[in-house]
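# Structure at a glance
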Amino acid sequence: MTGRPVCGGTGPPCTGNLPSGEGWNGVEGRERKTIMDGDFRTSFVRDHSHPKSHPALVLNADYRPLSYYPLSLWPWQEAVKAVFLDRVNIIAEYEETVRSPSMEIKIPSVVVLKDYVRPQKRVAFTRFNLFLRDEFCCQYCGSKGDLTFDHVVPRARGGITSWENVVAACSRCNLRKGSRPLHQSGLALRKPPRQPGAEEMRNMGRKFPPNYLHDSWMDFLYWDAELEE
Ligand SMILES: [Zn+2]
């Protein structure tokens, strides 16, 4: 291998071409997709948590997963790229290899970032995070399917869209509540809605592991929870 490409800019694994623009082959003929643009901490793609895509678990420099939900997984192409960019160390590998015209490597199954990425303290107010805060449950009846968002103080009555005034609600409860204030609706909230902390969301995320978990990831998942016991 010659001329490891230099990645412009600073920060954790960034985008860039594969070494010498080589094409890597070995695992399906998948479209190569860049998911490290922008804030990569939030751009893990859930459909990569499938054995066929040989995803790599991405650990922060402290050996904790960069993200629990979605679990920080890179498709193999990104993991191989990060190895070449010298941004990660390989901790565990799959049996399968990938080849470029000039070399062959085993596909990494666990990688650890060389530079520590400080976790974000602020939890972004997004639809996804709101559902996660509410554990994907209707905050009135507790059911799990058919979720919508409900303004506790209806918008028509001046209710704003905020952590404190929006909850996950099934469409039945949402319809039942309509634009009535809570006390007139006959419904009750299971817990008062509030802005969650980053640690709280991290713990929440652990409750929702992806369908597929590779054996080599297990040493790095949930371990800090076990230590607390
Ligand atoms: Zn409900």
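Reading the values: the criteria
- Residues numbered from 1 in each chain as written.
- Predicted model: local features only at pLDDT ≥ 70, side-chain atom pairs only at ≥ 80, totals over all residues.
- Helix = DSSP H or I, 4+ residues; strand = E, 2+ residues; numbered from the N terminus.
- Buried ≥ 20, exposed ≤ 12 C-beta atoms within 10 Å, placed from the backbone.
- Contact = placed C-beta atoms within 7 Å.
- Core = buried A, V, L, I, M, F, W, Y, C linked by C-beta atoms within 7 Å.
- Pairing = 2+ DSSP bridges.
- Axes fitted to C-alpha atoms, helices over the stretch in contact; angles between N-to-C directions.
- pLDDT = per-residue confidence, 0-100.

With that settled, consider the overall build of the protein. Along the protein, the regular secondary structure elements total 6 helices and 6 strands. Relative to its full complement of 229 residues, the protein shows a buried share of 26%.

Moving on, we get to the environment of Glu 93. Tracing the backbone shows Glu 93 in strand β3 (residues 88–99). What makes Glu 93 partly exposed here is the crowd of 17 C-beta atoms within 10 Å. In this structure, the C-alpha to C-alpha distance between Glu 93 and Ser 216, residues 123 residues apart in sequence, is 8.0 Å. With residues near it in sequence (within four places) discarded, Glu 93 still touches Lys 106, Ile 107, Pro 108 and Ser 109.

Turning to the nonpolar core, a few remarks are in order. Membership of the largest hydrophobic core comes to 21 residues, with the highest contact counts inside it found for Ala 56, Leu 57, Val 58, Leu 59, Ala 79 and Val 111. Broken down by secondary-structure element, the contributors of at least two residues to this core are β1 (56–59), β2 (73–74), α1 (76–84) and β4 (104–113). In terms of residue count, the dominant contributor to this core is α1 (5 residues). Not counting residues within four places of it along the chain, the set of residues in contact with Val 58 comprises Leu 66, Ser 72, Leu 73, Trp 74, Val 111 and Leu 113. With 11 residues, the next largest nonpolar core counts Cys 138, Val 152, Val 167 and Cys 170 among its residues.

This brings us to the sheet that holds β2. The strand order β2-β1-β4-β3 describes an open sheet built from 4 strands, whose pairing is mixed. This sheet does not close on itself; its edge strands, each paired only once, are β2 and β3. One ladder, built from 3 bridges, connects β1 with β4; its direction is parallel. The residue of β4 that forms the bridge with Leu 59 is Val 112. Packing against the sheet, α1 makes contact with β1, β2, β3 and β4, and its axis sits at approximately 85° to β4.

A few words on the environment of Cys 170. By secondary structure assignment, the location of Cys 170 is in strand β6 (residues 166–170). Taking the C-alpha atoms as reference points, Cys 170 and Cys 137, 33 residues apart in sequence, are found 7.9 Å from one another. Once residues lying within four places of it in the same chain are set aside, the contact partners of Cys 170 are Cys 138, Cys 141, Ser 143, Gly 145, Asp 146 and Leu 147.

Below, the discussion takes up α1. Within α1, 8 of the 9 residues are buried, which leaves the element mostly enclosed by the surrounding structure. Here α1 has its buried residues at Trp 76, Gln 77, Glu 78, Ala 79, Val 80, Lys 81, Ala 82 and Phe 84. Structurally, α1 contributes buried residues whose contacts are with β1, β2, β3 and β4. Taken from the residues just after α1, Asp 86 is the one with a positive phi, measuring 65°.

A two-sided burial pattern is seen for β1, the buried positions comprising Ala 56 and Val 58 on one face and Leu 57 and Leu 59 on the other. Summarising the sheet, β1 and β2 pair through 2 bridges and their orientation is antiparallel. Bridging from a neighbouring strand, Leu 57 pairs with Leu 73 of β2.

A positive phi angle is found at Tyr 63, which is not glycine, with a value near 70°. Here Tyr 63 lies in the loop between β1 and β2. With 14 C-beta atoms packed within 10 Å, Tyr 63 lands in the partly exposed category.

The subject of this paragraph is the environment of Val 117. With respect to the secondary-structure elements, Val 117 resides in the loop between β4 and α2 (127–133). Distance from Val 117 to Leu 59, taken between C-alpha atoms, is 9.9 Å for residues 58 residues apart in sequence.

Chain-level pLDDT for the protein is 77 on average; 74% of the residues reach the 70-or-more range. Taken together, the stretch residues 1–22 has pLDDT below 50 and engages in 36 contacts with residues farther than four places along the chain or on a different chain. Below a pLDDT of 50 lies the segment residues 26–46, which in the model reaches 37 contacts outside its immediate sequence neighbourhood of four places, other chains included.

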